[in-house]
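Residue-level structural notes
As a plain string of letters, each chain reads:
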Amino acid sequence: MRYSKLLIPTLREDPTEAEVISHRLMLRAGMIRKVSAGIYNFLPVGLRVLSKVEKIVREEMEHAGAQEILMPALQPAELWQETGRWQQYGKELMRLKDRHDRDFCLGPTHEEVITDLVRREVKSYRQLPLNLYQIQNKFRDEIRPRFGLMRGREFIMKDAYSFDADLEGAKENYKKMYDAYHKIFSRLGLRFRAVEADTGLIGGSSSHEFMVLAQTGEEGIASCTKCDYAANVERAELKRGVGERGAEQVKSLEKVQTPGKKTVEEVSAFLKSAPQQLVKTLLFVADGRPVAVLVRGDHQVNEIKVRRLLGVSELALADAAKVEAWTGGPSGFSGPVGLKNVEIIGDLSIETMPEAIVGANEKDAHYLHASSGRDFKVDRFADVRNAIAGDLCPRCGAPMAIDRGIEVGHVFMLGTKYSEAMKATFLDPKGEEHFFVMGCYGIGVSRIIAASIEQNHDEKGIIWPMPIAPFAIHIIPVQDQSERVMITAELIYGSMLRAGIDTLIEDRSERAGVKFNDADLLGIPYQVVLGEKNLHEGFVELKNRRTGEKQKIEVEKAIDHLIELVRGPRTQPSSS
RNA sequence: CGGGGUGUGGCGCAGCCUGGUAGCGCACCUGCUUUGGGAGCAGGGAGUCGGAGGUUCAAAUCCUCUCACCCCGACCA
């Protein structure tokens, strides 16, 4: 393509709205433009990258035996009511009404629609297994869209759904998708890790997330420093701490004044103690009833674990009024001592603490030497917190490290959750009716672009991995008024096109500096620079965007060299 | 949803406190010069000052409401 004909509105300055690198660079490189919060236009360069990602995803899905279909973004409420998710999904579901006042939503995912399709069209075990996928726009009314394509309200996702006659078959499909995901993310040139994950609103029995490792990631990953266990911090199981609680002599309960000290930091600083010596008491409303959760001062409550433990669907922090009503004291000074009519759940790490500093349920006061069993009673101890660095691996007991990651893929073993709810059945060889055993598999296609840039950039701009680069070669004639330069540039350009290589030719009459800077910003893997002086000596210059390395190549050999360069390490669809 | 912040030409910003009728850099257009890492000179085009209402002789500026966008938010328990 010719630069002058493409809409590539590069920006010299950083737009103020962009926080993270990928967002900044995508705006600056003219790939995307914001339409509204979390909603973006894809411009030509952005779309090219998107298409390349989609192409790789499609190739590997087809290779794994999945078939492409396309479902609607607009979905009727009835389907969602069948599975109960019309209620469960909450405010994140984009809901709307048609002119007849009938309820619809813009799909954040498509389990209902696909299950409805399959229950109508698939009746026999002979038609199984079946795996259908689509690449389509998804909608989520995020509380706070941010980071450009990373967390948008409308985004592009590949979602696949497998249907099997039994669990064994479903596991096989799950494995196939799991393997396909490894191939996809490897081909995309991402550094990633598959981790055990929570199933969230999708549900099902087990799941893995594929995380791209990056500091800007929104997810925490706990991974063992010794074995290959890795899990989302929300999911990571934490064992009861080693060591027994001894029969230490604990001093008796003592109330101290802590005027205005509410936070763990304030209280521990004021009392000259470590946050680990505090136990904080968080009050929740769990399906309407009061629950207190105790965790160590330096730990964080994991609401997902609490929810699962209690078997409730709604869990929210109690507001100040409820805290006052239940504990008798203002928020900031809650504690388990003397707490009545509230179920008390203690994290496992509390169990072995002989004593702790806790709130006294009255303004400006805390207790020292509060001892569970003696001064307060915990109804049950359980794993209800997030993992932190140094926690022990549930598999092998070695310490775990915490990294940050961007979730780009998620595979779920659904079982019969949706087929039962929607009565989706088939007949086995004996004529008996069974529910389909399902799996579902998502990839955040647009998010992958952001994730890739987070891992591949420098201070000048983007550095695309070849498989998803918008162009493979960027031809830059420096002196555009020189006939010799332009003729050679056009010659190489023509040859590249005939060889089927995506090539961008810089045909604007800009100064050299502008061309170079835009080229580095765009991040096309190879820049072919043509200048009078080099040409006169019979050379063109080849610059590797990633390494910055420049080499002179004889003009006659340039075309073959470039073709080899692009095709050489060409990534093939896996083993097909 | 709560807290904080910002809306002035395509982008980045100043002006607002202390009202007097809009400015700077970049980008854009024209001409000349320049031409291997974001050029120089000269000329030019472009702004409902987010929106509505109010105060005033006069509002980008003061007041009220509203909208949009950005940032932070269990760790206050």
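Our structure is the block above this text.
I will try to describe carefully the structure that is included in this document. (Residues numbered from 1 in each chain as written. Chains lettered and ligands numbered in written order. Predicted model: local features only at pLDDT ≥ 70, side-chain atom pairs only at ≥ 80, totals over all residues. Heavy atoms only, no water.)

1. Thoughts on the overall build of chain A
Spelled out, the test is: Labels follow the DSSP assignment, with helices taken as runs of H or I lasting at least four residues and strands as runs of E lasting at least two, numbered in each case from the N terminus. Burial classification: accessible surface area is computed with a 1.4 Å probe over protein chains only, and a residue below 20% of its type maximum counts as buried, one above 50% as exposed, and the rest as partly exposed. Here the accessible surface of atoms and residues is derived via Shrake-Rupley with a 1.4 Å probe, and residues count as covered only by protein chains that are part of the display.
Within chain A, the regular secondary structure consists of 16 helices and 31 strands. With respect to the three principal axes, the spread of C-alpha positions in chain A is 90 × 70 × 55 Å. Going through the 576 residues of chain A one by one, you find that 54% of them count as buried. Only carbon and sulfur atoms are counted for the fraction: they give 50% of the accessible area of chain A, which is about 26500 Å².

2. Re the protein's contact with RNA strand B
Put simply, the test is: If even one non-hydrogen atom of a residue comes within 4 Å of a molecule or strand, that residue is called near it. We call two N or O atoms a polar contact when they sit within 3.5 Å, provided that within protein one can donate a hydrogen and the other can accept it, with sequence-adjacent residues counted only if both atoms are side-chain atoms. Polar here means any residue outside two lists: the nonpolar Ala, Val, Leu, Ile, Met, Phe, Trp, Tyr, Cys and Pro, and the charged Asp, Glu, Lys and Arg; Gly therefore counts as polar.
The environment of RNA strand B is formed by 48 residues, the closest being K262, T281, Q300, V301 and S334. Across the atoms of RNA strand B situated within 4 Å of the protein, the share located in sugar and phosphate is 57%. Separating a base nitrogen of RNA strand B from a side-chain N or O atom of E13 is a distance of 3.3 Å. N534 is positioned such that a nitrogen or oxygen atom in its side chain is 3.3 Å from a base oxygen of RNA strand B. Going through the elements one at a time, β1 (32-36), α7 (264-270), β14 (279-286), α14 (512-522) and β30 (539-544) are the ones with two or more residues in the surface near RNA strand B. The element that contributes the greatest number of residues to the surface near RNA strand B is α14, accounting for seven residues. Among the residues making up the surface near RNA strand B, the classes are represented as 15 nonpolar, 14 polar and 19 charged.

3. What about the side chain of T281?
Filter applied, for reference: Contact between two residues is taken to exist if any of their heavy atoms lie within 4.5 Å; hydrogens are not considered.
Relative to the elements of secondary structure, T281 occurs in strand β14. Judged by its relative accessible area of 13%, T281 falls in the buried class. If we ignore the near neighbours within four places in the chain, the residues touching T281 are A292, V293, L294, S334, G335 and P336.

4. Remarks on the pattern of salt bridges
For clarity, the cut-off: In what follows, salt bridge is the name for a side-chain nitrogen of Lys or Arg lying within 4 Å of a carboxyl oxygen of Asp or Glu.
On inspection of all chains with the given rule, the structure shows 40 salt bridges. For the salt bridge of R119 with E82, the shortest nitrogen-to-oxygen distance reads 2.9 Å. One end of the pair, R119, is in helix α5 (residues 111-121); the other, E82, is in helix α3 (residues 77-83), and 37 residues separate them in sequence. Taking relative accessible area as the criterion, R119 reaches 16% and is therefore assigned buried. What makes E82 partly exposed here is its relative accessible area of 35%.

5. As for the sheet that holds strand β6 (residues 103-106)
Rules: At least two bridges found by DSSP between two strands is the condition for calling them paired. The angle between two axes is taken between their N-to-C directions and runs from 0 to 180 degrees, where each axis is a line fitted to C-alpha atoms and a helix contributes only its stretch in contact.
Judged by pairing direction, the sheet is antiparallel, and its three strands sit side by side in the order β4-β6-β5 without closing on themselves. In this open sheet, the two strands that pair with only one neighbour each are β4 (74-76) and β5 (94-97). Each strand of the sheet is rotated relative to its neighbour by a mean of 35°, with strand direction disregarded. As defined by bridge partners, β5 adjoins β6 across four bridges and the pair is classed as antiparallel. Its bridge partner being in β6, R95 is matched across the sheet by C105.

6. Details of the sheet that holds strand β27 (residues 473-477)
The strand order across the open sheet built from five strands is β28-β27-β29-β30-β31, with neighbouring strands paired in mixed fashion. Each of the sheet's edge strands pairs with one partner strand only, and the pair in question is β28 (503-505) and β31 (550-554). When strand polarity is set aside, the average angle formed by the axes of neighbouring strands in this sheet is 25°. Sheet topology places β27 next to β28; three bridges connect them, and they run parallel.

7. So, the environment of V113
If you trace the backbone, V113 turns up in helix α5. Note on V113: relative accessible area 13%, which makes it buried. Look past the residues within four positions of V113 in its chain and what remains in contact with it is M71, P72, Q75 and L79.

8. Comments concerning the pairing of strand β9 (residues 192-196)
Most of β9 sits inside the fold, with four of its five residues counted as buried. Pairing geometry for β9 and strand β10 (residues 206-213), over five bridges, is antiparallel. In the sheet register, V195 faces β10, and the bridge partner there is E209.

9. What to know about the packing of aromatic side chains
Applied cut-off: Note on aromatic pairs: the rings of Phe, Tyr and Trp (six-membered ring only in Trp) are paired at centre separations within 6.5 Å, and the planes decide the class, stacked below 30 degrees, edge-to-face beyond 60, tilted for the rest. In our convention, an over-ring charge means Lys NZ or Arg CZ found within 6 Å of a ring centre and within 35 degrees of that ring's normal.
Counted according to the given criterion, the structure contains 10 aromatic pairs. With a centroid separation of 6.4 Å and an interplanar angle of 55°, the aromatic rings of Y174 and Y441 are classed as tilted. Taken together, the residues span a long stretch of sequence, with Y174 in helix α6 (residues 167-187) and Y441 in strand β24 (residues 437-444) at a distance of 267 residues. Looking at Y174, the relative accessible area reads 9%, which means it is buried. Accessibility expressed as a relative area gives 1% for Y441, which makes it buried. On the numbers, 5.3 Å between centres and 35° between planes, the contact of F426 with F436 is tilted. Taken as a pair, F426 in strand β22 (residues 425-427) and F436 in the loop between β23 (433-435) and β24 lie far apart in primary sequence, 10 residues in all. Members of the aromatic cluster, each reached through a chain of ring pairs, are Y178, Y181, F185, F192 and F210. The ring of W86 is capped by R95, whose NZ or CZ atom sits 4.6 Å from the centre of that ring. Directly above the aromatic system of Y3 lies the positively charged group of R508, at a separation of 3.7 Å from the ring centroid.

10. Some details on the packing of helix α2 (residues 44-63) against α6
Spelled out, the test is: Comment on the angle field: the value is read as roughly parallel under 35 degrees, roughly antiparallel over 145, roughly perpendicular from 65 to 115, and oblique elsewhere. Left-handed is the label given to a crossing in which the near helix is rotated counterclockwise from the far helix by less than a right angle, and right-handed is the label when the rotation is clockwise.
Direction vectors running N to C along α2 and α6 enclose 150°, while the axes themselves pass 10 Å from each other. Classified by the interaxial angle, the pair formed by α2 and α6 is roughly antiparallel. Both α2 and α6 take part in a crossing whose hand is right-handed. Contacts between α2 and α6 pair I56, V57, E59, E60, M61 and H63 from the former with M177, A180, K183, I184 and R187 from the latter.

All we've got here are geometric facts, nothing functional implied.
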